[in-house]
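Examining the three-dimensional arrangement
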Amino acid sequence: MNKRRDFLKLSGAIAIGSLLSPTSLLANSVFAKRPIGLQLYSLRNDMASDPQGTLRKVASIGYKSLETANYQDGKVYGMEPKMFRKFIEDLGMKLNSAHLGGPQYTPEKKEEAMEWWKKAITDHKAMGAKYIIKPSMPIPKTLAELDIWCDYYNAIGALAAKSGLKFGFHNHAREFEKIEGVVMYDHMLAKTDPKLVCFELDVYWSKKGGYDSVDYLKKYPGRFPLLHIKDEEEIGASGDMDFKPIFEAAYAQGMKDFFVEVERYNFDPIDSVQKSFEYLNNAAYVK
């Protein structure tokens, strides 16, 4: 309850600014004390209708690091890679990571799939990305089938490493289900090469899957350079997510960046993203 009261207190403090038009966010946003990142899926509808205007609002809130969730025909949100990079850098932001689903994969189509990844790596290198992340996957029925996917991820990781990028995987709750008595996520951590494949731990979905993020951060140090910071709605809104020990464990094991992701909203999406930023910007445990 204390965490929820803190969120409500913060929401009240910024209520006047939230009621103003989005174009006035810059004048009403707090000073960015910490390098907080945003997964742009949080603003998926706004990014689809007005990507440049939405990115201006994101910058005005104080976000410095971005993770994209759109890559089609060699473009990101309709922009060529170099154009996208220049646009966000002119706003004082940078692209650190990108979610890429990739083509539908079967071992028979591996060569075709790798050609797709080569192009994606080249484009995201041009945008300045450090990480390319696969956001989801089908759930295999056997560990042998899962091993095929792990081999595929190792191959993508090797390809990415040649260009100085790191390939990784982002979890949902279902990766914490068991296959043949083994937790799928644990098997993936064991069967992927740490030099080639990292993991972006979504702390909300790990909890929904029945597992404590802190335990994973401590058990597999160095495997989680990125985190998704997520709650039921805005960050801190539910009072159920205890972010302090998560951040402490994440920093201790080598976290390089983290991204706010808001999927459900109590407010307009841009306001939810702003409230989430301000909650973390005022949290002493965020460095």
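So, here is what we can say about the structure in this document. (Residues numbered from 1 in each chain as written. Predicted model: local features only at pLDDT ≥ 70, side-chain atom pairs only at ≥ 80, totals over all residues. Heavy atoms only, no water.)

**Things to note about the overall build of the protein chain**
Let me state the cut-off plainly: Strands are runs of DSSP state E lasting at least 2 residues, helices are runs of H or I lasting at least 4, and numbering of each runs from the N terminus. Type-normalised accessible area, obtained with a 1.4 Å probe on protein chains alone, sets the label of each residue: buried when under 20%, exposed when over 50%, and partly exposed for intermediate values. By the convention used here, residues are in contact when the closest approach between their heavy atoms is within 4.5 Å. To measure how exposed things are, a 1.4 Å probe is used in the Shrake-Rupley method; for residues, cover is taken only from the protein chains shown.
The helix and strand inventory of the protein chain stands at 13 helices and 10 strands. Scored against the burial criterion, the 287 residues of the protein chain give a buried share of 54%. Counted over contacts in the protein chain with a minimum sequence separation of 6, partners at least 24 positions apart contribute 81%. About 12900 Å² of surface is accessible on the protein chain, with carbon and sulfur atoms providing 52% of the total.

**A short note on the environment of E175**
Relative to the helices and strands, E175 resides in the loop between β5 (166–170) and β6 (178–179). Under the relative-accessibility criterion, E175 is labelled buried at 0%. Beyond its immediate chain neighbours, meaning those up to four positions away, E175 contacts M137, F169, V183, M184 and Y185.

**Observations regarding the pairing of strand β4 (residues 131–134)**
Selection criterion: At least two bridges found by DSSP between two strands is the condition for calling them paired. With the strands aimed away from the viewer, a crossover counts as right-handed if its path from the first strand over the helix to the second runs clockwise.
Taking every second residue as pointing to the same face, both faces of β4 are buried, with Y131 and I133 on one and I132 and K134 on the other. With 3 bridges connecting them, strand β3 (residues 94–99) and β4 associate as parallel partners. Looking across to β4, one finds that S97 is bridged to Y131. Remark: the β3/helix α7 (residues 110–126)/β4 crossover connection has right-handed handedness. Of the strand pairs in this sheet, β4 and β5 are connected by 4 bridges, and their pairing is parallel. Opposite I132, over in β5, you have F167 as the bridge partner. After leaving β4, the chain enters helix α8 (residues 143–162) and then returns to the sheet as β5, a path that is right-handed.

**Comments concerning the pairing of strand β10 (residues 257–260)**
The alternating pattern of β10 places D257 and F259 on one face and F258 and V260 on the opposite face, and all of these are buried. By the bridge criterion, 2 bridges tie strand β1 (residues 37–39) to β10 in an arrangement that is parallel. Residue pairing across strands places L38 opposite V260, the latter belonging to β10. Regarding topology, helix α12 (residues 243–253) serves as the crossover connection from strand β9 (residues 226–229) to the parallel β10, and that connection is right-handed.

**A look at the packing of α8 against helix α9 (residues 184–191)**
Condition: Comment: axis = line fitted to C-alpha atoms, over the contacting stretch for helices; angle = value between 0 and 180 degrees taken between N-to-C directions. The scheme is simple: roughly parallel for angles under 35 degrees, roughly antiparallel for over 145, roughly perpendicular for 65 to 115, oblique for anything else. Handedness of a crossing is defined here by the sense of rotation of the near helix relative to the far one, left-handed for an anticlockwise turn of less than a right angle and right-handed for a clockwise turn. Throughout this entry, Asp, Glu, Lys and Arg are counted as charged residues, while Ala, Val, Leu, Ile, Met, Phe, Trp, Tyr, Cys and Pro are counted as nonpolar. The remaining residues, Gly among them, count as polar.
Where α8 contacts α9, the axes come no closer than 10 Å and their chain directions differ by 45°. For the element pair α8 / α9, the angle class is oblique. Relative to α9, α8 is oriented so that their crossing is right-handed. Across the interface between the two elements, L143, L146, D147, C150, Y153 and N154 from α8 touch M184, H187, M188 and K191 from α9. Its residues assigned to classes, the contact of α8 with α9 shows 6 nonpolar, 2 polar and 2 charged.

**So, the environment of P135**
Mapped onto the elements of the fold, P135 is located in the loop between β4 and α8. A relative accessible area of 19% places P135 in the buried class. In this structure, the C-alpha to C-alpha distance between P135 and A69, residues 66 residues apart in sequence, is 9.0 Å. Ignoring sequence-local partners within four residues, the contact set of P135 consists of H99, L100, G101, H170 and H172.

**Section: the pattern of salt bridges**
Basically, it comes down to this: Salt bridge, as used here, is a side-chain nitrogen of Lys or Arg placed within 4 Å of a carboxyl oxygen of Asp or Glu.
One pass over the structure, following the stated rule, counts 12 salt bridges. The residue D202 makes a salt bridge to K230 at a minimum N-O spacing of 2.7 Å. Here the residue D202 occupies a position in strand β8 (residues 197–202), and K230 occupies one in the loop between β9 and α12, the gap between them amounting to 28 residues. Here D202 falls in the buried class, since its relative accessible area comes to 0%. Overall, the relative accessible area of 1% leaves K230 in the buried class.

**Observations regarding the nonpolar core**
Nonpolar side chains in soluble globular proteins tend to end up buried together. The test is simple: What we call a nonpolar core is a set of buried Ala, Val, Leu, Ile, Met, Phe, Trp, Tyr and Cys residues that are connected through their side-chain atoms within 4.5 Å.
In this structure, L55, Y153, F224, L227, F243 and L280 are the most contacted members of the largest nonpolar core, which totals 85 residues. Each residue touching F243, except ones within four places of it in the same chain, is listed here: V203, I229, K230, D231, I235, G236, Y279 and Y285. Listed in part, the 5 residues of the second largest apolar core include Y131, C198, L226 and F259.

**A short note on the side chain of Q39**
For the record, the criterion: N or O atoms closer than or at 3.5 Å make up a polar contact, with two conditions inside protein: a donor-capable atom paired with an acceptor-capable one, and, for residues adjacent in sequence, both atoms drawn from side chains.
Along the chain, Q39 falls in strand β1. A polar contact of 2.7 Å, which involves the side chain of Q39, links it to the side chain of E67. With residues near it in sequence (within four places) discarded, Q39 still touches E67, T68, A69, H99, H228, F259, V260 and E261.

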